[in-house]
Amino acid sequence: MRIARIARMAWIILGAALVGLNAFAAEPATVMLEDMTWSEVQQAVKSTSSAVIVPIGGTEQNGPHMALGKHNARIRVLAGKIASRLGHTLVAPVIAYVPEGSITPPEGHMRFAGTLSVPREAFGGIVEGAARSLKQHGFKDIILIGDHGGYQPQLKTIADRLNREWSASSTRVHFIEAYYQAAQKPYAEALRSKGLSDFQIGTHAGSADTSLTMALAPQMVRPELIDDAAQRGPAAGSVGDPRKASLALGELGAELIVTRTVEAIRAAQARR
């Protein structure tokens, strides 16, 4: 009798362990789609991950003290943090080619070497193609977030159009404007509370922009050129004074962006 009880307990324990192993195996080891195999993505969609973030960056000048890929590096890290906090969410590869203005004659950031610009139609086609591909693979919530201000209205237009087309399906595209908005007024207000002026905060490659990059992609910052950026100003591509930038201020902004974006995504999913 005692041997039978022990045997039953052993089977129960073994069964629980196997269930736990199966659940663990169902969870992807990474949230980054491009780091997974096709079969891992298929399994994730079937078992745990019905949502996917499409992060959009841009390749543009960021003053003499920050690398051209700032937007791309930053949004990849932030999208990963957002997906991890949401759970059941993967992250598609960053879209790095975006409209940056006229190429010939050059305008805006295109006046600085290395900036890459594509037509709005080409950019829209890439975003829409990515969304259609992800729908085909079974994702139900396709989330668009962008680190650059110029294409925000276009992302909304694309999401609205696809949602109208897919109204009879269970897939929805969510344009999350809160991601970009959080890095604007709320972050600026937080920096003012730390004693920074509007000029120091800046609108492009100032202390706000530089701090975020220090926290999320420090390899993109050239600290030895920050003084040069402040002294040369808009002529060198900086609108603001980056000399007050710090890791701590960047971490403050990153947490603000992640928190507000997660809240907005959950609200959007609840409205499906």
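Everything below is about the structure shown above.
Engineer: For helix α9 (residues 207–216), give the residues involved together with the corresponding values.
Structural biologist: Spacing of three or four residues puts side chains on the same side of an α-helix, whose turn is 3.6 residues. Within α9, nine of the ten residues are buried, which leaves the element mostly enclosed by the surrounding structure. For α9, the complete set of buried residues consists of S207, A208, D209, T210, S211, L212, T213, M214 and L216. Next to the buried residues of α9 lie α3 (70–86), α7 (185–192), α8 (198–201), α10 (226–232) and α11 (247–270).

Engineer: Quick one: what's the story with the sheet that holds strand β1 (residues 51–56), residue by residue and with numbers?
Structural biologist: Read from one edge of the open sheet, four strands run β2-β1-β3-β4, paired in parallel fashion. Of all strands in the sheet, those with a lone pairing partner are β2 (89–91) and β4 (172–175), marking the two edges. Shown here is a sheet whose adjacent strand axes are inclined to one another by a mean of 25°, direction ignored. Pairing between β1 and strand β3 (residues 141–146): six bridges, direction parallel. Across the sheet, V54 pairs through a bridge with L144, a residue of β3. Docked against the sheet, helix α4 (residues 120–136) engages β1 and β3, running at close to 150° with respect to β3. The strands touched by α11 are β1, β3 and β4; relative to β3, the strand with the most contacts, the crossing angle is about 145°.

Conventions we followed
Residues numbered from 1 in each chain as written. Predicted model: local features only at pLDDT ≥ 70, side-chain atom pairs only at ≥ 80, totals over all residues. Heavy atoms only, no water. Buried < 20%, exposed > 50% of the residue type's maximum accessible area, 1.4 Å probe, protein only. Helix = DSSP H or I, 4+ residues; strand = E, 2+ residues; numbered from the N terminus. Contact = heavy atoms within 4.5 Å. Pairing = 2+ DSSP bridges. Axes fitted to C-alpha atoms, helices over the stretch in contact; angles between N-to-C directions.

Limitation: the analysis is restricted to geometry and does not speak to function.
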